[in-house]
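# Report on the structure
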Amino acid sequence: MNSLNGRANKMEAEDLLAVNLTQLEMGYPLDELGADLPEQEARLLHLAASLQKTAFPVEDDTAVISQRAQLLRAAESCTHGPIP
Amino acid sequence: MQDLSDAELVERAQDGEHDAISILYDRHHTRIFRYVRARIYDTHLAQDVVGEVFLKMVTHLPEYREMGLPFTAWLYRIAHNHVVNHIGRKENQYQHVPLVMAEAVNSRKDNPAVVIERQLVLEEVQKALARLDEIQREVIILRFLLGYSLKEVAAMLDKSVAAVKSQQHRGLLALEVAMK
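Residues numbered from 1 in each chain as written. Chains lettered and ligands numbered in written order. Predicted model: local features only at pLDDT ≥ 70, side-chain atom pairs only at ≥ 80, totals over all residues. Heavy atoms only, no water.

What follows is about the overall build of chain A. The helix and strand inventory of chain A stands at 4 helices and 0 strands. Each helix and strand of chain A, ordered N terminal to C terminal, gives the series α-α-α-α. Looking at the 84 residues of chain A, the share that counts as buried comes to 33%. (Helix = DSSP H or I, 4+ residues; strand = E, 2+ residues; numbered from the N terminus. Buried < 20%, exposed > 50% of the residue type's maximum accessible area, 1.4 Å probe, protein only.)

Further remarks concern the overall build of chain B. Looking only at helices and strands, chain B has 9 helices and 0 strands in total. Each helix (α) and strand (β) of chain B, taken in turn from the N terminus, gives the series α-α-α-α-α-α-α-α-α. Residues counted as buried form 51% of the 180 residues belonging to chain B. Within chain B, contacts between residues separated by at least 24 positions form 59% of all contacts whose residues are at least 6 apart in sequence. (Contact = heavy atoms within 4.5 Å.)

All right, on to the packing of helix α7 (residues 134-145) of chain B against helix α8 (residues 150-157) of chain B then. Residue and element names in this part refer to chain B. Running from N to C, α7 and α8 point in directions that differ by 135 degrees, and their axes come no closer than 10 Å. As the angle between them shows, α7 and α8 are arranged oblique. Two packed elements cross with a definite hand, and for α7 against α8 that hand is right-handed. Here I135, E138, V139, L142 and R143 of α7 lie close against α8, whose contacting residues are L150, V153, M156 and L157. A per-class count over the contact of α7 with α8 returns 7 nonpolar, no polar and 2 charged. (Axes fitted to C-alpha atoms, helices over the stretch in contact; angles between N-to-C directions. Parallel < 35°, antiparallel > 145°, perpendicular 65-115°, else oblique. Left-handed = near helix turned anticlockwise from the far one by under 90°. Nonpolar A, V, L, I, M, F, W, Y, C, P; charged D, E, K, R; others polar.)

Let's shift gears to the side chain of E176 of chain B. Relative to the assigned elements, E176 of chain B resides in helix α9 (residues 161-178). Contact partners of E176 of chain B, with chain neighbours within four places excluded, come to R43, L44 and L47 of chain A.

Most peptide bonds take the trans form, and the phi angle of most residues other than glycine is negative. In this structure, D158 of chain B takes a positive phi of about 55 degrees despite not being glycine. Structurally, the position occupied by D158 of chain B is in the loop between α8 and α9.

Quite often, the size of an interface is put as the accessible area lost when its parts meet. On the side of chain B, 46 residues touch chain A, which itself brings 40 residues to the contact. Among the residues of chain A in contact with chain B, F56, E59 and L71 of chain A are the three that bury the most area, contributing 18% of the side total. For the pair chain A and chain B, the number of links is 4 salt bridges. One salt bridge in this structure joins K165 of chain B and D15 of chain A, with 3.0 Å as the shortest N-O distance. (Buried area = accessible area lost by both parts, 1.4 Å probe. Salt bridge = Lys/Arg side-chain N within 4 Å of Asp/Glu carboxyl O.)

Quick look at the packing of aromatic side chains now. All names here are of chain B. In this structure the tally under the stated criterion is 5 aromatic pairs over all chains. Seen in terms of ring centroids, Y35 and Y76 are 5.2 Å apart; in terms of plane orientation they differ by 75 degrees. Their pairing is edge-to-face. Of this pair, Y35 sits in helix α2 (residues 18-39) while Y76 sits in helix α4 (residues 71-89); the two residues are 41 residues apart in sequence, bridging distant segments of the chain. Side by side, Y35 and Y76 carry an identical accessibility label, which is buried. (Phe/Tyr/Trp six-rings, centres within 6.5 Å; stacked < 30°, edge-to-face > 60°.)

Moving on to the confidence of the model for chain B. All names here are of chain B. Model confidence for chain B is summarised by a mean pLDDT of 84, while 83% of its residues fall at 70 or above. Here residues 92-120 is a poorly scored stretch, pLDDT under 50, and it has 45 contacts once near neighbours within four places are set aside; other chains count. Predicted as a complex, the structure gets a pTM of 0.82 and an ipTM equal to 0.83. (pLDDT = per-residue confidence, 0-100.)

Let's shift gears to the environment of G147 of chain B. Assignment of secondary structure puts G147 of chain B in the loop between α7 and α8. Spatially, the C-alpha atoms of G147 of chain B and E123 of chain B are 19 Å apart, while their sequence positions differ by 24 residues.

A few words on helix α1 (residues 6-14) of chain B. By the burial criterion, the buried members of α1 of chain B are D6, L9, V10, A13 and Q14 of chain B. With its buried residues spanning 140 degrees around the axis, α1 of chain B presents them on a single face. (Arc of directions from axis to C-beta.)

If you want it as structure tokens, here you go:
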């Protein structure tokens, strides 16, 4: 019985976090969402929000241009025509 | 052509319209780069892998049929296989963490201090991600670093939405511990 309760609580926590993450992605303010959550899920929501803001190195523009050109050359050389 | 969906662009590309390939590349290369860069610590290397991923896309595009697997999920699987192969070839990848991203400093004329700080933030996340199991790491990267929805991630990983929901909860918990 305790194990069933534990599983139900875990699913509730997963669902609760998922719903709040969706709302966060829709633009709801993080502080408002976090305020109504259990402590653990509030922490995880904040962690997810920080991850979303992780800054990545930028791609090199020259490499992007040359890669696109290379793809088009490859497409030219392996044109299979319309698939029957 | 810019307004067409991925599926429509794929059809055009399969009909030999190369502009469609160009648009697919422009639409997806940044996310694919970020996915690869989240797993491979070297920016130049990551960019090379992205090139390989898209070349494979072009080669196999004539055989692609949606049939329940959206284009983004198909492209992700190509990228994932390339990353896994690459990491397999370079087992010490996770030990190699460059401190300064010289190419970004040179090409973008950014303030070096800002670039270094940005790199360190990503490094911190990467080091913690390296301590997660494979599925949790993929879910965290796809959901939070790349911004795909639960449904999209489920298609990419060939899992149910409920399974991804569970893994994102476990993954965040594990990441929280790993970042302490």
